[in-house]
Amino acid sequence: MAQDTAQLLERPVELKLPATPAERTARRKALLEWIAVHSLGVAAALFFTLPFVFVFLTSLMSDSQALSRDLIPHTWEWSNYRKVFDTPGFLTWWKNTLIYAGLGTALTVVSSVPVAYALAKFRFRGRNLTLMLVISMMMLPPQVVVIPMYLFWAKQLDLSGTLWPLIIPLAFGDAFSIFLLRQFLMTIPNEYLDAAKVDGCGDLRTLLRVVLPMAKPGIAAIALFQFFNAWNDYFGPQIYASENPGAWTLSYGLESFKGAHHTDWNLTMAATVLVLAPVLLVFFFAQKAFVEGVTLTGVKG
Amino acid sequence: MAATTHTLRAKHRRSRLRTLAFLSPWLIGFTVFFAYPMISTVYFSFMHYDGFKPPTWSGTKNWTYVFESYPFFWPALRNTLWLVVIMVTLRVLFGLGIGMLITKIKTGTGIFRTLFYLPYLAPPVAATMAFAFLLNPGTGPVNSLLEKIGIPAPGWFNDPSWSKPALTMLALWGVGDLMVIFMAALLDVPREQYEAAELDGATPWQRFRYVTLPNISPIIMFAVVTGVIGAMQYYTQPLVAGKVASGVIQGAGTAFEPGYPEHSTLTLPQLVYNLGFQRFDYGSACVVALVLFALSMAFTALLMRRRGGLIQAGD
Amino acid sequence: MPGISRKVTSALAVTASTALLATACTGQASSGASDDPSKDTTITFWHAWSAPNEVAGVKALIAGFEKVNPNIHVDVVGNMTDDKMNQALRAGGSKAPDVISSFTTNGVGKFCSSGALVDLNPLFKKAGIDPATTFPKAMSEYTQYEGDRCAVPLLGDAYGLYYNKTAFQKAGIAGPPKTWSEFEADAKKLTVPQGDTYKQLGFMPDYHGWETTTEHYMGQFGPTYFDASGRSTVATDPAVADAFAVQKKLVDSLGGFQKLERFRSGLGDEWGPKHPFQTGQVAMQLDGEWRLGMALDAKPGFEIGVAPLPVPDDRADQYGKGYITGTIAGIAATSKKQNAAWELVRYITTDTDAVVGFSNAIHNVPSTLEALKSPKLKYDPRFRTFLDIAANPHSSTSPASINGGVYLTTIQQLGYDYESGKVTDLKAGLKKAAAQIDTDIAQAK
């Protein structure tokens, strides 16, 4: 009892005086604004999430219900997911997509870092020209060069029907990654570099020991973007991997899923969920890096 | 004296070598994957090549064919214009709107932000198929709801006047990336400027126009530019939407129909695929590729002029 | 001095380009006809079939071949569309197939004239088989182009009319329609509306309705497509205009394009369990002979009737004819194992028991005269209709063209525009289509 009174006495006393008319209007206005904003927010949230919900619900419908206008499944056919997993090639698509995205990202990072560093910190004649060329490459739709590239990979190197034509070029730098990383590296103050030089570090060691640790957010960002790009790539696999079902990726396989496997919407939606889910899961675990990465592109650009 | 100039030259050479060494991956990449194919594409655009017999010179035949006789070329160009003007604008505006909304939401900001951002992560093929299902005029949930309320339900991906708006809806659904950068930009606007404006008696609209807009205009520019690049490269979504909506499955004697319905979802990149990988007219495909290149470079040039700051001079 | 690096770069680019261009440009050197077919070898066979029963049928066919030729192993890859096959044939290389089989005869013109598939005439001669006496006339015709036989028929397809006998009885219709006027009347009688849509639709006439393509409609009207000099006749041939008019009339009288398209978009998959004819949603269906087997497997709740498709009113005596096409097989010119590939092709296309067995498995029309007569042919009595259509002298196919099926696509595009009302002047549309076809062929030469 005594303790409670003591605590009461310690807390600052809030005098609740009756509100003035001005304050009341202000508070009402604030409340209305709160309601308006949050209603809009809820409406927007519905717009963004309902498609996921409907897709998920449809994925659990039975064959006969999939074509009806019902929104809720009558029977919850979890076996649809089993059926999709057992579809020949589904796991192969997974494997291929992981290899393409993983290997591609690793190669991109390794090859883009030195180029970005040179463009950010070295002075040389032709730097602006190089930068403009990098930017031009960024703007280039892949369809512009696909014909000669396809003929090159397919006829010269016999690599059509594989994903190598998509992975190998990433070992030579990716324009977008180079540009992004360059913008980021430019924000690293030169004092650090000068200090390293004074300590006797050559350019390579400066890069590795001093710059890289500070560039982690930038590198994480380009790695995420590249992984994303490869995971979502449809055109590339369509050109190079379509002849060989053993090389298909998730995006290409999903698109051919509906017709090829004589399925209706329920199984197709189940497959869609299985393609969506991993990306969403990765996001939940790497939220901070994702958002930082996207911010980096916009704000620094 | 000779010694110093000698060391200086040596130093210069070393620094040049160093530059070359660091740039080497990109130099090789540029030559093999950009310069060589570009020259090749120009070369092939004047040749008749079907992949089997050796190429033969055909002069301007392919060019005349694409510009005058290929029935899909001009619809695709018109569609690209539509996408650039309407889809990009709407996406930027919607992104800005959602960004502003999220800065005003005080309760549960994190949850809202996550939910708004999620659709952006969906792989394009998955997202397009989801929307093709949702907007199916016969059995999709959207039309069932609309009809229950009594609003006439459009044909979405099956109706040529609604297919691009449907694609725009899909693009708006995935506006998460723009939302995030606008949100960051909006939060970066110095508070003092808002306070000063309020003191001056500015209305909310005036505050937006004279404080917010100038501060975030670089981001708006960035959003527009990346949006236009995306519009030029728009390939997967219209292709998948058209294929799924038409219900026509390749094979069994059915002929492929680009841009279902009625060329409304045709884009230039799809033409390169149609000419090159379905008709196997590599020459004409290269012509379209060059048109695509020219348009993209025109926008790049525009960007360079308006935002020279993109190439920050740096140190 | 850094200018050197720029000069070096551009020099690199130019030399690299010319070197790569020079090598990329050379055509294929055919070198595959020197393999020894009696040695142990593996060849790759690509086909387009994908339905479970079809895939099983192919498996059985190949198993039969490997039994007779134990030294030749066959890697089978299914569900390969024409696009992918065309791509692989051009690229060549280790992943390209040795033997291909395509659903469409359209590509034969391109395959033969470009040399993508090997001319089989010498191989037939060596084997002592005369294609003219082995295969039915139309099938023999659509597998060659200007004297070059680069393909062989591998089972055929005939198109006819499937109808819901139970629905016919309910609507009081005695038998299947023989002319297009009767057909339109029957389709209307069989249509039962339900609110804004249909409980049962008499017939789905839209060109997007899977098999109701311009190509298949026209099969009943017998157009010439091309004249002697190779120019398109679609603008002048009354058969073409008639076909378009009949289809448009059907669309208009069955509810209009918008309503029909909306209904169509909600229907099940062509190869899936909810095919609208099998579910009873559509009472009449224009389809190929394979549909009978599939429909019977689905155990629909009604009796299935099969008949030839109707003919134009002014040619009622030709009732019984239809559109025929088929799967074709060929040997890739880039194959390094052409002799082994020939053994496979010869077996699957001319061995009577193999052809009969395959035909029984996937319910397609057999492609050799011997097989057509074979007592081992097992078929539902209704299947007889398709055999008759295949044998009917008035039945037609679509001619080969140097750019494959592009002319059919052009005609189909006009169909889409005409049925939806986008194009109202049919005559002008046909003229434009004919010009387009001629230009496209000139472009491909």
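Residues numbered from 1 in each chain as written. Chains lettered and ligands numbered in written order. Predicted model: local features only at pLDDT ≥ 70, side-chain atom pairs only at ≥ 80, totals over all residues. Heavy atoms only, no water.

Before going further, it helps to spend a moment on the pairing of strand β4 (residues 152-164) of chain C. Residues and elements named next belong to chain C. Of all 13 residues making up β4, 13 are buried, and the element is well covered by its neighbours. Where β4 lies against strand β9 (residues 324-331), 5 bridges are found, and the strand directions are antiparallel. By the bridge assignment, V152 is partnered in β9 with A329. Strand direction decides the pairing type here: β4 and strand β8 (residues 304-307), joined by 4 bridges, are antiparallel. (Buried < 20%, exposed > 50% of the residue type's maximum accessible area, 1.4 Å probe, protein only. Helix = DSSP H or I, 4+ residues; strand = E, 2+ residues; numbered from the N terminus. Pairing = 2+ DSSP bridges.)

Residue and element names in this part refer to chain C. Neither face of strand β3 (residues 99-102) is open: one carries V99 and S101, the other I100 and S102, and all of them are buried. Across 2 bridges, the pairing between strand β1 (residues 41-46) and β3 is parallel. Residue pairing for β3: F45 is matched across the bridge by V99.

Turning our eyes to something else, we now look at the state of the cysteines. Residue and element names in this part refer to chain C. Tallied over the entire structure, the rule returns 1 disulfide over all chains. Disulfide pairing is shown between C112 and C150; the S-S distance is 1.9 Å. Its torsion about the S-S bond being -85°, the disulfide of C112 and C150 is classed as left-handed. Residue C112 is located in helix α4 (residues 108-114), and its partner C150 is located in the loop between α7 (137-141) and β4; the two are separated by 38 residues in the primary sequence. For C112, a relative accessible area of 4% puts it in the buried group. (Disulfide = S-S within 2.5 Å.)

Scanning all chains against the criterion turns up 70 aromatic pairs over all chains. Between F48 of chain A and F94 of chain B the ring centres are 6.3 Å apart and the planes differ by 35°, which places this aromatic pair in the tilted class. Of the two residues, F48 of chain A sits in helix α2 (residues 21-59) while F94 of chain B sits in helix α3 (residues 73-104), which places them in two different chains. Of the aromatic side chains, those joined through ring pairs into one cluster are F85, F90, W93, Y234, F235, W248 and Y252 of chain A together with Y235 of chain B. When the ring centre of F280 of chain B is taken as origin, the NZ or CZ atom of R90 of chain C, which lies over that ring, is 3.6 Å away. Between the NZ or CZ atom of K259 of chain C and the centre of the ring of Y198 of chain C, over which it lies, the distance is 4.8 Å. (Phe/Tyr/Trp six-rings, centres within 6.5 Å; stacked < 30°, edge-to-face > 60°. Lys NZ or Arg CZ within 6 Å of the ring centre and 35° of its normal.)

In this section: the interface of chain A and chain B. At the junction of the two partners, chain A supplies 104 residues and chain B supplies 100 residues. Roughly 8900 Å² of surface becomes buried between chain A and chain B when both sides are summed, with 76% attributable to carbon and sulfur atoms. For the pair chain A and chain B, the number of links is 1 salt bridge. The closest approach of N and O atoms between K243 of chain B and E255 of chain A, which form a salt bridge, is 3.3 Å. At the surface where chain A touches chain B, the tally comes to 10 residue pairs in polar contact (both at pLDDT 80 or more). The element best represented in the side of chain A that touches chain B is α2 of chain A, accounting for 17 residues. (Contact = heavy atoms within 4.5 Å. Buried area = accessible area lost by both parts, 1.4 Å probe. Salt bridge = Lys/Arg side-chain N within 4 Å of Asp/Glu carboxyl O. Polar contact = N/O pair within 3.5 Å; in protein donor to acceptor, adjacent residues only side chain to side chain.)

Here the focus is the environment of G95 of chain B. All names here are of chain B. Here G95 is to be found in helix α3. Residues G95 and I220 lie 125 residues apart in sequence; the distance between their C-alpha atoms is 9.8 Å. Among residues more than four places away in sequence, those in contact with G95 are V175, L178, M179 and F182.

This part takes up the domain arrangement of chain B. The parts lose accessible area when they come together, and the size of an interface is often stated as this lost area. All names here are of chain B. Domains assigned within chain B are domain 1 (2-62) and domain 2 (72-314). Taking both partners together, domain 1 and domain 2 bury about 840 Å²; carbon and sulfur atoms supply 75% of that area. Considering only the surface of domain 1 that becomes buried against domain 2, T41, Y49 and N62 emerge as the three largest contributors, covering 44% of it. There are 0 salt bridges connecting domain 1 and domain 2. At the boundary of domain 1 with domain 2, the tally comes to 1 residue pair in polar contact (both at pLDDT 80 or more). At 5 residues, the largest contribution of residues to the side of domain 1 that touches domain 2 is made by helix α1 (residues 2-45). Among the residues forming the side of domain 1 that touches domain 2, the class breakdown is 5 nonpolar, 4 polar and 1 charged. (Domains from an automatic or database assignment. Nonpolar A, V, L, I, M, F, W, Y, C, P; charged D, E, K, R; others polar.)

What follows deals with helix α5 (residues 127-139) of chain A. In this model, α5 of chain A (13 residues) spans 19 Å end to end at C-alpha, consistent with the 18 Å of a helix rising 1.5 Å per residue. Taken as a whole, α5 of chain A has its buried residues at R127, T130, L131, V134, I135, S136, M137 and M139 of chain A. (Expected span 1.5 Å × (residues − 1).)

We now examine the domain arrangement of chain C. Residues and elements named next belong to chain C. Entries for chain C in the domain assignment read domain 1 (4-157 + 325-391) and domain 2 (159-318). Distance between the C-alpha centres of domain 1 and domain 2: 32 Å. Of the roughly 1300 Å² buried at the junction of domain 1 and domain 2 (both faces included), carbon and sulfur atoms supply 66%. Among the residues of domain 1 in contact with domain 2, D157, R382 and F386 are the three that bury the most area, contributing 44% of the side total.

One finds I147 and L185 of chain A together with F116, L121, F157 and L271 of chain B to be the most contacted residues of the largest nonpolar core, which totals 189 residues. When residues of this core are assigned to domains, at least three fall in each of domain 1 (2-62) and domain 2 (72-314) of chain B. Ignoring sequence-local partners within four residues, the contact set of F116 of chain B consists of G41, A44, A45 and F48 of chain A together with I98, L101, I102, G176 and M179 of chain B. V282, A340, A354 and A371 of chain C belong to the second-largest nonpolar core, a separate cluster that totals 128 residues. (Core = buried A, V, L, I, M, F, W, Y, C linked by side-chain atoms within 4.5 Å.)

The next point concerns the packing of α3 of chain B against helix α8 (residues 176-188) of chain B. Residues and elements named next belong to chain B. Packing of α3 against α8 brings their axes to within 8 Å, and their N-to-C directions diverge by 55°. Comparing their axes, α8 and α3 come out oblique. When the axes of α3 and α8 are compared, the crossing they make is right-handed. Of the residues in α8, those touching α3 at R91, V92, G95, L96, I98, G99, M100, I102 and T103 are D177, L178, M179, F182, M183, L186 and L187. Residue classes in the contact of α3 with α8 are distributed as 11 nonpolar, 3 polar and 2 charged. (Axes fitted to C-alpha atoms, helices over the stretch in contact; angles between N-to-C directions. Parallel < 35°, antiparallel > 145°, perpendicular 65-115°, else oblique. Left-handed = near helix turned anticlockwise from the far one by under 90°.)

Turning our eyes to something else, we now look at helix α2 (residues 52-68) of chain C. All names here are of chain C. With 17 residues, α2 ought to run about 24 Å at 1.5 Å a step, and its terminal C-alpha atoms sit 25 Å apart, in line with that. Those residues of α2 lying buried are E54, G57, V58, L61, I62 and F65. Here the buried residues of α2 occupy an arc of 130° about the axis, which is enough to place them on one side. Residues of α2 that are exposed and point over 90 degrees away from its buried face: P52, K59, A60 and K67. In this structure, the buried side of α2 is in contact with β1, β2 (72-77), α14 (290-297), α15 (338-350) and α16 (352-362). (Arc of directions from axis to C-beta.)

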